[in-house]
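As a plain string of letters, each chain reads:
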Amino acid sequence: MTTSKLSHLDDAQRPQMVDVGGKAVTRRTAQAQAEVVFPAEVAAQLHGAGYVTPKGAVLTVANLAGVMGAKATSQLIPLCHPLALDKCHIDIAMDGEVARIVCTVSCEGRTGVEMEALTGASIAALTLYDMCKAMSHDIVIREVRLLRKTGGKSDLDYRGEPA
């Protein structure tokens, strides 16, 4: 365990929202991914039906849910600051049995948007599960992770390519 002080804890080790009032407003971006793995027969059925089930257009609904999730992050995660996102883009690409969801968000602000990107990708993945669970409960959500972030103290890139 690290010995550095966690910014979300006060001196008495109680949770607190971090005071970002003194931080400079900068351009903040983040990109996160989630993967949804479908059983082969479900993936084939979805593809054959144009990704439409009796519940509706699966990819379209998941896309909208991801955007809504990213915008609602501070309502879902207690110590997140409410942010005015100026961009939220959800890309869902089917590759065989895997739906790869990438959520990219940005804003001008005093704190990063990593949680918004992770939430957007996660909610889109959960929505894919919900839209398809009648076909199988063997759907797996995996690889929810940050791909990159810019702005603030440091830029990070976990994609293996230039930020």
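Because the structure is predicted, anything quoted here is derived from the model rather than measured.

Novice: Help me out: how do you make sense of the pairing of strand β5 (residues 98–109) in this one?
Specialist: A regular strand places its side chains so that they alternate between the two faces of the sheet. Burial within β5 is extensive, with 10 of its 12 residues counted as buried. Note that strand β1 (residues 26–37) and β5 share 12 bridges and pair antiparallel. Across the sheet, threonine 26 pairs through a bridge with glycine 109, a residue of β5. Linking strand β4 (residues 87–95) back to β5 in an antiparallel pair, the connection comprises two residues, with glycine 96 at a positive phi of about 65°.

Novice: I tried to follow the nonpolar core on my own but got confused; where do I start?
Specialist: In globular proteins that are soluble, nonpolar side chains generally tend to be buried together. Ranked by size, the top nonpolar core spans 30 residues in total, and within it Val36, Phe38, Ile101 and Leu128 carry the most contacts. For this core, the secondary structure elements donating two or more residues are β1, α1 (40–48), α2 (58–71), β4, β5 and α4 (114–132). Here valine 36 is in contact with Glu97, Val98, Ala99, Ile101, Ala125, Leu128, Ile139, Val140 and Ile141, once residues within four sequence places are set aside.

Novice: I would appreciate a short explanation of the side chain of threonine 127 in the present structure.
Specialist: Of note, threonine 127 is situated in helix α4. We classify threonine 127 as buried; its relative accessible area is 14%. A distance of 2.8 Å separates the side chain of threonine 127 from the backbone oxygen of isoleucine 123, its partner in a polar contact. Apart from the residues within four sequence positions on either side, threonine 127 is in contact with Val61, Ala62 and Ala65.

Novice: Hey, could you run me through the pattern of salt bridges in this one?
Specialist: Between side chains of opposite charge, a pair can form as their charged atoms come close. What the rule picks out here adds up to eight salt bridges. Where arginine 27 meets aspartate 86, a salt bridge forms, and the shortest distance between an N and an O atom there is 2.8 Å. Linking arginine 27 in strand β1 with aspartate 86 in the loop between α3 (73–76) and β4, this pair joins segments that are 59 residues apart in sequence. With relative accessibility at 44%, the residue aspartate 86 sits in the partly exposed group.

Novice: It is not clear to me how a nonpolar patch on the surface should be interpreted in this structure. Could you clarify?
Specialist: A surface patch of nonpolar side chains, about 230 Å² in accessible area, is lined by Leu126, Ile141 and Val144. Considering the arrangement of structural elements, one finds valine 144 in strand β6 (residues 140–150).

Novice: Looking at this structure, how should I read α1?
Specialist: Since the α-helix advances by 3.6 residues per turn, residues separated by three or four positions end up pointing in the same direction. Looking at α1, one finds that the buried residues are Val42, Ala43 and Leu46. All buried residues of α1 fall inside an arc of 100° around its axis, so they share one side. Exposed positions of α1 whose direction lies more than 90 degrees from the buried face are Glu41, Ala44 and Gly48. Structurally, α1 contributes buried residues whose contacts are with β2 (52–53), α2 and α4.

Novice: What is the right way to read the sheet that holds β6 from this model?
Specialist: Pairing between sheet strands relies on hydrogen bonds along the backbone, with the strands arranged either parallel or antiparallel. Strand order in the open sheet formed by five strands is β4-β5-β1-β6-β7, with antiparallel pairing between adjacent strands. Two strands bound the open sheet, and with one partner strand each, they are β4 and β7 (156–157). Pairing analysis gives nine bridges linking β4 to β5, with the strands arranged antiparallel. Its bridge partner being in β5, alanine 93 is matched across the sheet by arginine 100. Where α2 meets the sheet, it contacts β4 and β5, and its direction lies at approximately 145° from that of β4.

Conventions adopted
- Residues numbered from 1 in each chain as written.
- Predicted model: local features only at pLDDT ≥ 70, side-chain atom pairs only at ≥ 80, totals over all residues.
- Heavy atoms only, no water.
- Buried < 20%, exposed > 50% of the residue type's maximum accessible area, 1.4 Å probe, protein only.
- Helix = DSSP H or I, 4+ residues; strand = E, 2+ residues; numbered from the N terminus.
- Pairing = 2+ DSSP bridges.
- Core = buried A, V, L, I, M, F, W, Y, C linked by side-chain atoms within 4.5 Å.
- Contact = heavy atoms within 4.5 Å.
- Polar contact = N/O pair within 3.5 Å; in protein donor to acceptor, adjacent residues only side chain to side chain.
- Salt bridge = Lys/Arg side-chain N within 4 Å of Asp/Glu carboxyl O.
- Patch = residues over 30% accessible without salt bridge, like charges linked within 9 Å, V, L, I, M, F, W, Y side chains within 5 Å.
- Areas by Shrake-Rupley, 256 points an atom, 1.4 Å probe, with all protein chains shown as cover.
- Arc of directions from axis to C-beta.
- Axes fitted to C-alpha atoms, helices over the stretch in contact; angles between N-to-C directions.

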